[in-house]
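Report on the structure
Each chain, letter by letter, is given below.
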Amino acid sequence: MAGVNIFISSTCYDLSQVRQDLCEFISSLGHTPMMSEQNDFPIDPQLDNWENCINAVKKYADIFVLIIGNRYGAVGETGKSITNTEYLTAVQKGIPIYTFSLKQMTTLLPMWERNPDADYSHAVDNPQIFEFLADVRKKSGRWNFEFEKAQDIKDTLRKQLSILFQNSLKLRKRIVASPYEDLYGKVSSKALNIIMQKEEGYDVKFFMQVMQDGISECRDLKNDFQYSIILKPLHERRNLNDFFFWLDRKVDEMLSYIDSLHNLSDAFKAFYKENSDESDLRGLHYVASTYVEFYANLLKWGASVKGMVVPKECKHLMEILSGMPLSIIEEMEKYPIESMKKIDVCIEKSKIGTIEKGDMIQFPFKMDFPDNFLTEYKEELNKIEEQFRNRKEANC
């Protein structure tokens, strides 16, 4: 495929001429229109039509153009249409998205919002299209263009692609002039944009964004932990002596994680400059990445405990133990999200008064286990040890 791949997402039956006009327009600009009806649309013969469309967005689309007419299209197993799913895939991928809505539909939308149970079969094939349109026009926060004919979309795209090209040139200049070029391949587009824009509080926003991105990438580990998915061979500790030895090691391992997580605060203080000096972004990236690594290790630790085969009298203790990192995991997930909100509030306050840079962020890790957990764990452990002692005495 030559040029930039521009994916055109819409229902085909009602917008066939619009799609054809856009195909010719995009080709005339030297770019590649990605349309499912074209013979150069990338497919995997082993996938069905639905999977091929989603796969094309994930693997090949550079720019995504969504066109909403008056048809929603067939609904799949997810409860959403293919066009809707393609759009959500593009959002998740983080590529530039331009959305267009038929003017007739934007006129009907307020009527549907006031009376969603009315009969709209004269105008649409499925009222679910109004939900999709409302998500795109209002809930997503994205700009949405109205259109009546293909020329409207072509005129808008010509201008918007030019703006995108200009912004890309500006970004390139900033990258060339930036001392942090080595970070660009390591961070997400959102984190990179924060560095490039260099707005107020950009260093702490970058720090939090790297954390959020890393935690999102641990989604599968979180699922393994949350749903007790055991993929590796189970280990056995059926002998109580072996079990107690292993238990001590697992607890020590967890305590070591927590101590090191607290120590990470010192590293943060070394790289984050509260005064007018510029913070060390490489150092902040290291701290954020290490934070995510601790988060991943806590999830793996919990999953390994759940996957252990132990004597039956120890199973309740293992249930308690596997929940040991849960409160810390939850705190680690919330921290970058809540901190990002706090940063925005502080920046707004700074516009109407004075606020110290240090007030934007706090990174003193004092994450510990709930008191009731330690009490419950020790009580159950003492009970098992007592049973073990009694059994040994009875056998003597």
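Just so it is clear, the model here is predicted, and its values are computed rather than measured. (Residues numbered from 1 in each chain as written. Predicted model: local features only at pLDDT ≥ 70, side-chain atom pairs only at ≥ 80, totals over all residues. Heavy atoms only, no water.)

1. Notes on the pairing of strand β4 (residues 97-102)
Across the six residues of β4, six count as buried, placing the element largely inside the fold. Going residue by residue along β4, you find Ile-97, Thr-99 and Ser-101 tucked away on one face and Tyr-98, Phe-100 and Leu-102 tucked away on the opposite face as well. What joins strand β3 (residues 63-68) to β4 is helix α3 (residues 82-93), and the crossover it makes is right-handed. As paired elements, β4 and strand β5 (residues 144-147) share four bridges and run parallel to each other. (Buried < 20%, exposed > 50% of the residue type's maximum accessible area, 1.4 Å probe, protein only. Helix = DSSP H or I, 4+ residues; strand = E, 2+ residues; numbered from the N terminus. Right-handed = clockwise from strand over helix to strand, strands pointing away. Pairing = 2+ DSSP bridges.)

2. Here we look at the packing of helix α10 (residues 240-271) against helix α11 (residues 281-306)
One can describe the packing of α10 onto α11 by two numbers: an axis separation of 10 Å at closest approach and a directional angle of 165°. Compared by their axis directions, α10 and α11 come out roughly antiparallel. In the packing of α10 onto α11, the handedness of the crossing is left-handed. Facing Trp-246, Lys-250, Glu-253, Met-254, Tyr-257, Ser-260, Leu-261, Leu-264, Ala-267, Phe-268 and Phe-271 of α10, the residues of α11 in contact are Gly-283, Leu-284, Tyr-286, Val-287, Thr-290, Tyr-291, Phe-294, Asn-297, Leu-298, Trp-301, Ser-304 and Val-305. (Axes fitted to C-alpha atoms, helices over the stretch in contact; angles between N-to-C directions. Parallel < 35°, antiparallel > 145°, perpendicular 65-115°, else oblique. Left-handed = near helix turned anticlockwise from the far one by under 90°. Contact = heavy atoms within 4.5 Å.)

3. Quick notes on the packing of helix α2 (residues 49-60) against α3
Close contact between α2 and α3 brings their axes to 9 Å; oriented N to C, the two are set at 25°. Considered as vectors, α2 and α3 are oriented roughly parallel to each other. Two packed elements cross with a definite hand, and for α2 against α3 that hand is right-handed. Taken together, the residues of α3 that come into contact with α2 (itself represented by Trp-50, Cys-53, Ile-54, Val-57, Lys-58, Lys-59 and Tyr-60) are Ile-82, Thr-85, Glu-86, Thr-89, Ala-90 and Lys-93. Tallied by class, the residues present in the contact of α2 with α3 amount to seven nonpolar, two polar and four charged. (Nonpolar A, V, L, I, M, F, W, Y, C, P; charged D, E, K, R; others polar.)

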